[in-house]
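# Descriptive structure summary
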Amino acid sequence: MIRKNSGKMDTYASEVVSRALLGAMMGLQYGGSRDLYQALGYPTELKYEDFASRYYRQDMAKAVIDKPIEATWRGQFRITESTEEEVTPLEEAWDDLAYELGIKSKFRRLDKLAGLGEYAVLFLGFDDTTGELTAPVTRANRLLYVKPFGENHAEVNEWDNDVKSPRYGQPVIYNLTITNYDGTASGTLKVHYSRILHVAGDILESECEGSPTLKVLFNRLIDLDKVVGSSAEMFWRGGRPGYHGNVQADRVLSDTAETDLKSKLDEYDHNLRRFLLTEGIDIKALETQVADPSKTFDVIVQSISAVTGIPKRILIGSERGELASSEDRNSWLDTITTRREEYAEAQIVRPFVDRLIKLGVLPEPKEKYKVEWEDLYASTEKEKADIGRSRSESIRNYSTSPTAEDIFPVEAFYKYILNLNDEEIRKILEIREEQMSEEERLMGRAEEKFLMEEEARMKEEKRKEALANPEPASKKPA
């Protein structure tokens, strides 16, 4: 096994040496006379543990990893086919599988692990009959479970070095380290690549190893720690100024008195004493200096925003209670849409679905299936309410102006002021026409009823008048 992969190991060793030499050259200036990385405290070599520790302990590092991923997988996504059937067998099987195994949450975890390291894998637990995880799986009835592993727990044990193989340069066997709830390793599984979904982001030459998301930002994350940490320390120390004690010229401070004074000052500094008695010593508070770190902080955050593509206001939240501008939001949604199509769908969803179809876990599609994502650009409830309020005000102002229709026709008002599309305008006009027809019908009924009631009233009045003024007997017919 080792002999078979000796060529690959030699290549890997050469890459490690090249990376080490490149790291040693980072930050060198003036022909090597100045080492900028050493002066600023930047590491020249970074490992998976460095990125993981940043993610778990630094808020900005976590935001850089989480925000694009949470936005990418927000809402539901479905596998659909363009057929006349209401629900196809593939659609139904996928919905059941996605619900049973919580596929979306597993994909989201896999995405985060891939961003932390050079790659991550999804272990697919099939119910095939081979029973050997190192053997390729060719057919299965069910997918029992899926489990994501980060680079640190998914080591490549064997590579394909056959230059005539379609998988040349790709992993054949993985070593998966199973961990307990307390993080300790409980064992290692050797697993064939057919039971693994391998995901690597930001790849260049290698198809299997990408660049960790935090790698290019690592120096800026250190700078951010310096600014935020030193600012907090500065405000902490500046809140309680130092003191200077001056022994008066006619006094001599004995060792005992000096020790007693130090003890009193410590008690005062730690809030155990709220007064000082210093006979023969003048105590003066030292002047403190507190600088505003906001400009330096902004410069660092803007640098992080530029390289990640995350708008600053989205990266750090609202500023002064303001929401991200529509330009920032649209740019961010464009970025997430591209990430969905070119990364999440191309490297995670489709390879996963295709693998399950090939092995028989999911039925064959009748036509080419597509991945249907939830609309990112759909208006939020607050936006819908704001739009409704604005349109209501426009309609009220338009309808109360007697000459509005003469200056600005109704259809033009709908289209250019209320920003309604042609279909919406057509439906509104139809409803308006129906309402007018209904009003005319009701008015016609009301008018008919009025005439009938008026005729009945007049007949009743004539009858009463006749009763009140009967005809003389001489005028009655014989």
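These notes cover the structure that comes with them.

Criteria and thresholds
- Residues numbered from 1 in each chain as written.
- Predicted model: local features only at pLDDT ≥ 70, side-chain atom pairs only at ≥ 80, totals over all residues.
- Heavy atoms only, no water.
- Helix = DSSP H or I, 4+ residues; strand = E, 2+ residues; numbered from the N terminus.
- Buried < 20%, exposed > 50% of the residue type's maximum accessible area, 1.4 Å probe, protein only.
- Contact = heavy atoms within 4.5 Å.
- Areas by Shrake-Rupley, 256 points an atom, 1.4 Å probe, with all protein chains shown as cover.
- Phe/Tyr/Trp six-rings, centres within 6.5 Å; stacked < 30°, edge-to-face > 60°.
- Salt bridge = Lys/Arg side-chain N within 4 Å of Asp/Glu carboxyl O.
- Expected span 1.5 Å × (residues − 1).
- Bend = angle between axes of the 7 residues up to and from the residue.

## Describing the overall build of the chain
When its secondary structure is counted, the chain shows 15 helices and 12 strands. For the chain, buried positions account for 30% of its 478 residues. The long-range share in the chain, meaning contacts at least 24 apart out of those at least 6 apart in sequence, stands at 65%. Entry remark: accessible area of the chain is about 31,800 Å², with carbon and sulfur atoms responsible for 52%.

## Focus: the packing of aromatic side chains
Under the counting rule described, the total for this entry stands at 12 aromatic pairs. A ring pair is formed by W73 and W373, whose centres lie 5.5 Å apart and whose planes are at 55°; its orientation type is tilted. Pair noted here: W73 is in the loop between α4 (59-72) and β3 (77-80) and W373 is in strand β12 (residues 370-373), with a separation of 300 residues, a long-range link. A single burial state applies to W73 and to W373, both of which are buried. Here F77 and W94 contribute two aromatic rings whose centre-to-centre distance is 6.1 Å and whose plane-to-plane angle is 50°, an arrangement assigned as tilted. With a gap of 17 residues between them, F77 in strand β3 and W94 in helix α5 (residues 89-101) connect regions that are remote in the sequence.

## Quick word on the pattern of salt bridges
All chains considered together, the criterion is met by 15 salt bridges. Between E100 and R142 there is a salt bridge whose closest N-O contact spans 3.2 Å. Residue E100 is located in helix α5, and its partner R142 is located in the loop between β4 (120-126) and β5 (143-150); the two are separated by 42 residues in the primary sequence. Counted as one network, the salt bridges with shared partners bring together K62, D66, E70, R108 and K112.

## Structural notes on α4
For α4, which comprises 14 residues, the first-to-last C-alpha distance of 20 Å matches the rise-based estimate of 20 Å (1.5 Å per residue) to within 8%. Along its length, α4 reaches its greatest deviation from straightness, about 30°, at D66, and the proline P68 lies no more than four positions downstream. With 10 of 14 residues buried, α4 is to be regarded as a mostly interior element. Among the residues of α4, those classed as buried are M60, A61, A63, V64, I65, D66, P68, I69, A71 and T72.

## Some thoughts on helix α14 (residues 410-417)
Taken as a whole, α14 has its buried residues at V410, A412, F413 and Y414. Remark: N419 follows α14 within two positions and exhibits a positive phi of approximately 60°.

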